[in-house]
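Single-letter residue listing:
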Amino acid sequence: EPEVTQTPSHQVTQMGQEVILRCVPISNHLYFYWYRQILGQKVEFLVSFYNNEISEKSEIFDDQFSVERPDGSNFTLKIRSTKLEDSAMYFCASSELPDSSPYGYTFGSGTRLTVV
Amino acid sequence: AQKVTQAQTEISVVEKEDVTLDCVYETRDTTYYLFWYKQPPSGELVFLIRRNSFDEQNEISGRYSWNFQKSTSSFNFTITASQVVDSAVYFCALSDRFQGAQKLVFGQGTRLTINP
């Protein structure tokens, strides 16, 4: 079964450092997303991406965050200057056209980011 | 604004019991999608179901069933004859985007523990 691949699975970084989280979405999916989950809390939407541009972003997704699809397969989330409160699990997801059947909205296994 | 409420923070049952996880949602839109995801202890998010707002038919998949009632804005999930492997956090989510990228709004999750 196709899957969304995220690397690394765990990253520890010093406060103020830049991090790049990487994702390989499912190849025939058109829409790409990043979500985050602070430990023990709900999953929160960060950003959606379609046709090489951001289609929607949340209030969490401020100027410290950026996304990019540098080639035909990777989808990255960059945090420019990490803060302690950026510590969370970050999930990448990809989805098909909404009227696809069966429909897939698949999450990767996540990258646990720890800012120290 | 959209909101998803999963009032049951934790549920604990004995194996083979049936268990229902409640989900109540709020949206001003008449067209929307509802989702359920499972998050096992390993942390990934596993897609279980997507239902659109036009389809109020109940759905059954093996031991899993879903009851969608627009009149009460609920999309409840029942596990019949529960098993230890069903132990996980379950999230209900809502998307009011009927076209394009699907931003998901998640509930707080229900932690389900199945005891042998």
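Reading the values: rules and limits
- Residues numbered from 1 in each chain as written.
- Chains lettered and ligands numbered in written order.
- Predicted model: local features only at pLDDT ≥ 70, side-chain atom pairs only at ≥ 80, totals over all residues.
- Heavy atoms only, no water.
- Helix = DSSP H or I, 4+ residues; strand = E, 2+ residues; numbered from the N terminus.
- Rg over C-alpha atoms; globule rule 2.2 N^0.38 Å.
- Buried < 20%, exposed > 50% of the residue type's maximum accessible area, 1.4 Å probe, protein only.
- Contact = heavy atoms within 4.5 Å.
- Lys, Arg positive; Asp, Glu negative; His and termini not counted.
- Charge placed at Lys NZ, Arg CZ, Asp CG, Glu CD.
- Buried area = accessible area lost by both parts, 1.4 Å probe.
- Salt bridge = Lys/Arg side-chain N within 4 Å of Asp/Glu carboxyl O.
- Polar contact = N/O pair within 3.5 Å; in protein donor to acceptor, adjacent residues only side chain to side chain.
- Disulfide = S-S within 2.5 Å.

Engineer: Break down the overall build of chain B for me, with residues and values.
Structural biologist: Along the backbone of chain B there are zero helices and 12 strands. Scaling as 2.2 N^0.38, a compact globule of 116 residues should have a C-alpha radius of gyration of about 13 Å, and chain B matches this with 14 Å. Along the three orthogonal principal directions, the C-alpha set of chain B runs to about 45 × 25 × 20 Å. The burial tally for chain B puts 47% of its 116 residues in the buried class. Contacts spanning at least 24 positions in sequence make up 56% of the contacts within chain B whose residues lie at least 6 apart. Charge-centre separation for chain B: the mean point of 11 positive side chains lies 6 Å from the mean point of 13 negative side chains.

Engineer: Summarise the interface of chain B and chain A; cite the residues concerned and give the values.
Structural biologist: Residue-level contacts link 21 residues of chain B with 19 residues of chain A. Here chain B packs against chain A, burying approximately 1,700 Å² in sum over the two surfaces, 59% of which is carbon and sulfur. Taken as a group, Leu45(B), Ala101(B) and Phe106(B) account for 28% of the area that chain B buries against chain A, more than any other trio of residues on that side. For the pair chain B and chain A, the interface holds one salt bridge. Salt-bridge contacts for Glu56(A) lead to Lys103(B); the nearest nitrogen and oxygen are separated by 3.8 Å. Taken together, chain B and chain A are joined by five residue pairs in polar contact (both at pLDDT 80 or more). Only strand E5 (33-39) and strand E6 (46-52) of chain B provide two or more residues apiece to the side of chain B that touches chain A. Looking at the side of chain B that touches chain A, the element that brings in the most residues is E5(B), giving four residues.

Engineer: So what's going on with the state of the cysteines? Residues and values would help.
Structural biologist: Chemically, a disulfide is nothing more than a covalent bond linking the sulfur atoms of two cysteines. All names here are of chain A. One pass over the full model with this rule turns up two disulfides over all chains. Disulfide pairing places Cys23 opposite Cys92 at an S-S distance of 1.9 Å. Given an S-S torsion of about -65°, the disulfide between Cys23 and Cys92 has left-handed geometry. On the criterion of sequence distance, the pair formed by Cys23 in strand E3 (residues 19-24) and Cys92 in strand E9 (residues 88-95) is long-range, its members being 69 residues apart.

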